[in-house]
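Close look at the chain arrangement
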Amino acid sequence: MTVITTFKEKRREKQIKYERSMLRDLSINTLKERVKQYFGSTNLANSFVMNSGIEEACYDVALEAFLLGAKFSKFGYYGENPEEVRKRCFKEEKHLIDTLYNFLLYWGHGQEGTMSESLYYLCEQYIFVWWKEGYEKGQRRYKLRLH
């Protein structure tokens, strides 16, 4: 007797396998360095970046942005330029930016003041850098036929 699996289960297994293979290329040190690079210099971040919960939230969002870029890299492999591909995942990327920004505002306890707009731009740049890195590594994997 055979086990019946659904298409959704198979697709999910394949997605998890791909994400695991993509995450092997990342190092914890790179994650830590980027958090300090982007959020370590702001007045708001100086007070709470060393909090492990804040750092872990930044890591989580960075990983999601990386995987989002990797997921959409197949469109770049098939001929679309990165700007067009980025437009495809605009909603998901915007959600990640807003999530990180709101998380930092919440844990900042109103200390950001007039810096909230610059904090939003930092979050936007942080997400874009991780998306771009995932996109490039995903495209490289497609070229090497490792997908």
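Located above this text is the structure these notes cover.
Below: a short report on this structure. Everything quoted here is computed from the prediction, not taken from an experiment.

1. Comments concerning the overall build of the protein
Helix and strand counts for the protein stand at seven helices and zero strands. The helix and strand sequence of the protein, counted from the amino end, reads α-α-α-α-α-α-α. Counting across all 147 residues of the protein, residues that qualify as buried make up 38%. By sequence separation, contacts in the protein at least 24 residues apart represent 79% of the contacts at least 6 residues apart. As displayed, the protein offers around 9700 Å² of accessible surface, 53% of which is attributable to carbon and sulfur atoms.

2. Quick look at the nonpolar core
Grouped together as the largest cluster of nonpolar side chains are 35 residues, with contacts concentrated most on Phe39, Leu100, Leu104, Cys123, Tyr126, Ile127 and Trp130. Listing elements by their share of this core, those giving two or more residues are helix 1 (7-23), helix 2 (28-39), helix 4 (52-77), helix 6 (90-108) and helix 7 (116-143). Take this core: its biggest share by element is eleven residues, from helix 4.

3. Digging into helix 7
Compared with the 40 Å implied by 1.5 Å per residue over 28 residues, the 40 Å span of helix 7 between its first and last C-alpha is a close match. Arg145 sits one or two residues past helix 7 and shows a positive phi near 60°.

4. A closer look at the pattern of salt bridges
A full pass over the atoms with the stated rule returns five salt bridges. Arg88 is the salt-bridge partner of Glu80, the closest N and O atoms lying 2.6 Å from each other. When the shortest N-O distance is used, the salt bridge between Asp98 and Lys94 registers 3.3 Å. Of this pair, Asp98 and Lys94 both sit in helix 6, separated by four residues, roughly a single helical turn. When its relative accessible area of 26% is taken as the criterion, Asp98 is described as partly exposed. With relative accessibility at 31%, the residue Lys94 sits in the partly exposed group.

5. Observations regarding the packing of helix 4 against helix 7
Axis separation between helix 4 and helix 7 bottoms out at 6 Å; the angle between their running directions is 45°. Classified by the angle their axes make, helix 4 and helix 7 are oblique. You can see that helix 4 and helix 7 cross each other, and the crossing is right-handed. Of the residues in the contact of helix 4 with helix 7, the class split is 16 nonpolar, six polar and four charged.

6. Considerations on a positive patch on the surface
A contiguous patch of positive charge, built from Lys14, Lys17, Lys71 and Lys74, is present on the exposed surface. The set of elements that each furnish at least two residues to the positive patch consists of helix 1 and helix 4. Relative to the helices and strands, Lys71 is located in helix 4.

7. What about the packing of aromatic side chains?
One pass over the structure, following the stated rule, counts ten aromatic pairs. On the basis of an interplanar angle of 20° and a centroid distance of 6.5 Å, the ring pair of Phe128 and Trp131 is categorised as stacked. Linking Phe128 with Trp131, this pair stays in helix 7, spanning three residues, or about one helical turn. By relative accessible area, which is 28% here, Phe128 ends up partly exposed. In textbook terms, an aromatic cluster arises when at least three aromatic residues are bridged by ring pairs, as seen for Tyr38, Phe39 and Tyr126. For the cation-ring pair, Arg34 lies above Trp130, with the distance from its terminal atom to the ring centre recorded as 4.5 Å. Seen from the ring of Phe75, Arg88 lies directly overhead, with NZ or CZ sitting 3.9 Å from the centre.

About the cut-offs
Residue positions are given per chain, counting from 1 as you read along its sequence in written order. Totals for whole chains, interfaces and linings use all residues, but because this is a predicted model, local features are given only for residues with pLDDT of at least 70 and pairs of side-chain atoms are given and counted only at 80 or more. As a rule here, side-chain values come from all non-hydrogen atoms in the structure, and water together with hydrogens is ignored. Helix and strand assignments follow DSSP, with helices taken as H or I runs no shorter than four residues and strands as E runs no shorter than two, numbered in order from the N terminus. For every residue, the accessible area (1.4 Å probe, protein chains only) is compared with the maximum for its type, and the residue is labelled buried under 20%, exposed over 50%, or partly exposed between those bounds. Throughout, a residue-residue contact means that at least one pair of heavy atoms, one from each residue, lies within 4.5 Å. All accessible-area figures derive from a Shrake-Rupley calculation using a 1.4 Å probe, and residue coverage is judged against the displayed protein chains alone. Definition used in this section: a nonpolar core is a set of buried Ala, Val, Leu, Ile, Met, Phe, Trp, Tyr and Cys residues joined via side-chain atoms within 4.5 Å. To estimate how far a helix should reach, multiply one less than its number of residues by 1.5 Å. We define a salt bridge as a side-chain nitrogen of Lys or Arg found within 4 Å of a carboxyl oxygen belonging to Asp or Glu. Working convention: axes come from line fits to C-alpha atoms, limited for helices to the stretch in contact. Angles between N-to-C directions cover 0 to 180 degrees. Angular relationships are summarised with four words: roughly parallel below 35 degrees, roughly antiparallel beyond 145, roughly perpendicular across 65 to 115, and oblique for the angles in between. Crossings are classed by handedness, with left-handed meaning an anticlockwise turn of the near helix from the far one by less than a right angle and right-handed meaning a clockwise turn. For this scheme, ten residues count as nonpolar: Ala, Val, Leu, Ile, Met, Phe, Trp, Tyr, Cys and Pro. Four count as charged, namely Asp, Glu, Lys and Arg, and the remainder, Gly too, count as polar. Each patch is assembled from residues with relative accessible area greater than 30% and no salt bridge, linking like charges that lie within 9 Å and nonpolar side chains (Val, Leu, Ile, Met, Phe, Trp, Tyr) that lie within 5 Å. Asp and Glu are treated as the negative residues and Lys and Arg as the positive ones, with His and the ends of the chain left uncounted. The location of each charge is read from NZ of Lys, CZ of Arg, CG of Asp or CD of Glu. Each aromatic pair joins two rings of Phe, Tyr and Trp (for Trp, the six-membered one) with centres within 6.5 Å, and gets the label stacked for planes under 30 degrees apart, edge-to-face for over 60, and tilted for any other angle. Only Lys NZ and Arg CZ are tested; either one counts as a charge over a ring when it is within 6 Å of the ring centre and within 35 degrees of the ring normal.

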